[in-house]
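Listed below are the residues making up each chain.
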Amino acid sequence: MSPPRLYAAEATAAALPYPALADAIAALLRDPTVKVPARTVLPLPAGGTFFAMPATDARVAITKLISFVADNATRGLPAIQGDVVVFDARDGRRLALLDGPTVTARRTAAVSLLAARTLAPHTDGPLLIVGAGVQGRAHLEAFASGLGVRQVRVASRGAASADALVAHARDLGLDARRVDDANAALADCPLVVSATPAQAASLRALPRDDAFIAAVGAFTPTMLEWAPEVCRHVAARGALAVDTRDADHEAGDLLQAGLDVPAVPTLADWLARPRPAGPVFFKNCGWAGWDLAAARLVAADLTDINA
């Protein structure tokens with residue numbers, strides 16, 4: 001029996017191109033064999049969080065095991081660490097071990113990409129990215145490769161991190177610059193990604209009527225990036241969307257705005273509906289199904305599972 005294939009961060013990224021991963025996510029949402037139980041979340045003694053996230057379909061089973069420690073930057077460590085273990089669902093063999101932070105970054109950005117393809121009134125930008133960390137970088141790459149965005153504006157609490165992401169965007173051939181006031185920049189950008197630490201609402205200006213917002217930073221009920229009045233404004237004038245029904249108890253931006261989150265359509269719902277009119281607020285909280293979609297894309301290239 002062949003040992004599982006080990007994918008370091010660079011190899012994991014190469015196996016998960018954003019447009020193909022967005023397609024794999026759309027295919028997963030149409031697959032009735034997919035089963036995703038609730039994830040297990042355990043607090044760590046020093047204040048971090050440990051996640052165990054299983055999922056399976058008819059051919060592949062996975063578990064993502066990751067830790068999240070928000071202040072790890074002060075230790076010179078990434079906030080997210082861990083792995084995704086991929087099994088053959090038919091005979092139980094371990095097929096691959098993927099780099100967990102890379103899967104998390106790329107599948108989250110690919111979900112936002114699929115949502116933008118489905119819901120955004122205008123997909124050519126300019127794109128405003130608020131938050132210049134791992135998710136800001138992943139979303140920049142995903143929207144550039146998957147939507148053809150050519151103009152990018154970057155806002156961050158730290159000028160150095162914003163300048164670094166701008167430099168990366170320019171290396172990709174994009175027209176990019178730093179903006180110091182994200183709220184003012186909303187008026188010029190129909191595509192918006194917020195990927196901040198989400199400790200308090202930093203975005204309070206109203207978006208354009210043709211805006212698509214992917215709100216990524218807040219993934220617990222106590223976190224938020226967007227002021228409640230902004231969320232209520234979009235709900236009244238446009239449309240809301242959540243990635244899955246897990247957002248019913250995780251979407252801090254919407255919950256703290258007092259909105260009826262269980263009534264908000266999911267991304268799967270919107271795939272079967274006409275594109276909405278007005279601004280769109282997409283809440284991307286995370287789900288093990290997205291990791292399964294990434295594993296399915298990798299497994300499709302493994303001869304072991306296709307034999």
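To be clear, the structure that these remarks concern was listed above.
About the criteria used
Residues numbered from 1 in each chain as written. Predicted model: local features only at pLDDT ≥ 70, side-chain atom pairs only at ≥ 80, totals over all residues. Heavy atoms only, no water. Helix = DSSP H or I, 4+ residues; strand = E, 2+ residues; numbered from the N terminus. Buried < 20%, exposed > 50% of the residue type's maximum accessible area, 1.4 Å probe, protein only. Contact = heavy atoms within 4.5 Å. Salt bridge = Lys/Arg side-chain N within 4 Å of Asp/Glu carboxyl O. Pairing = 2+ DSSP bridges. Axes fitted to C-alpha atoms, helices over the stretch in contact; angles between N-to-C directions. Disulfide = S-S within 2.5 Å.

## Overview of the environment of L97
Thinking step 1. Within the element layout of this structure, L97 appears in strand β6 (residues 94-99).
Thinking step 2. In this structure L97 comes out as partly exposed when scored by relative accessible area, which is 27%.
Thinking step 3. What L97 contacts, discounting residues up to four positions off in sequence, is R5, L6, Y7, D83, V84 and V85.

## A short note on the pattern of salt bridges
Thinking step 1. Scanning the model with the defined rule gives 19 salt bridges in all.
Thinking step 2. In this structure, R296 engages D31 in a salt bridge whose closest nitrogen and oxygen atoms are separated by 2.9 Å. With R296 in helix α10 (residues 288-299) and D31 in the loop between α2 (18-29) and β2 (40-43), this pair connects stretches of sequence that are 265 residues apart.
Thinking step 3. Residue K283 is joined to D253 by a salt bridge in which the shortest nitrogen-to-oxygen separation is 3.9 Å. With K283 in strand β13 (residues 280-283) and D253 in helix α8 (residues 252-255), this pair connects stretches of sequence that are 30 residues apart. The residues K283 and D253 share a single accessibility class, namely buried.

## Examining the sheet that holds strand β7 (residues 127-130)
Thinking step 1. Reading across the sheet, the 7 strands line up as β9-β8-β7-β10-β11-β13-β12 and stay open at both edges, with parallel pairing between neighbours. Looking at which strands have only one partner, the edges of the open sheet turn out to be β9 (175-178) and β12 (239-242). The average angle at which neighbouring strand axes cross in this sheet is 15 degrees, direction not considered.
Thinking step 2. With 4 bridges connecting them, strand β11 (residues 212-215) and β13 associate as parallel partners. Considered in β13, the bridge of A214 is made with F282.
Thinking step 3. On top of the sheet, helix α5 (residues 159-171) reaches β7, β8 (151-155) and β9; it is set at about 175 degrees to β9, its chief contact.

## Re the state of the cysteines
Thinking step 1. Taken as a whole and assessed by the stated rule, the structure comprises 0 disulfides.
Thinking step 2. Lacking any disulfide linkage, C231 is separated from the closest cysteine sulfur, that of C285, by 11 Å.
Thinking step 3. Residue C231 is classed as buried on the basis of its relative accessible area, which comes to 0%.

## Comments concerning the environment of L44
Thinking step 1. Examined against the element boundaries, L44 turns out to sit in the loop between β2 and β3 (49-56).
Thinking step 2. Taking relative accessible area as the criterion, L44 reaches 29% and is therefore assigned partly exposed.
Thinking step 3. Excluding its chain neighbours within four sequence positions, the residues that come into contact with L44 are T49, F50 and S67.

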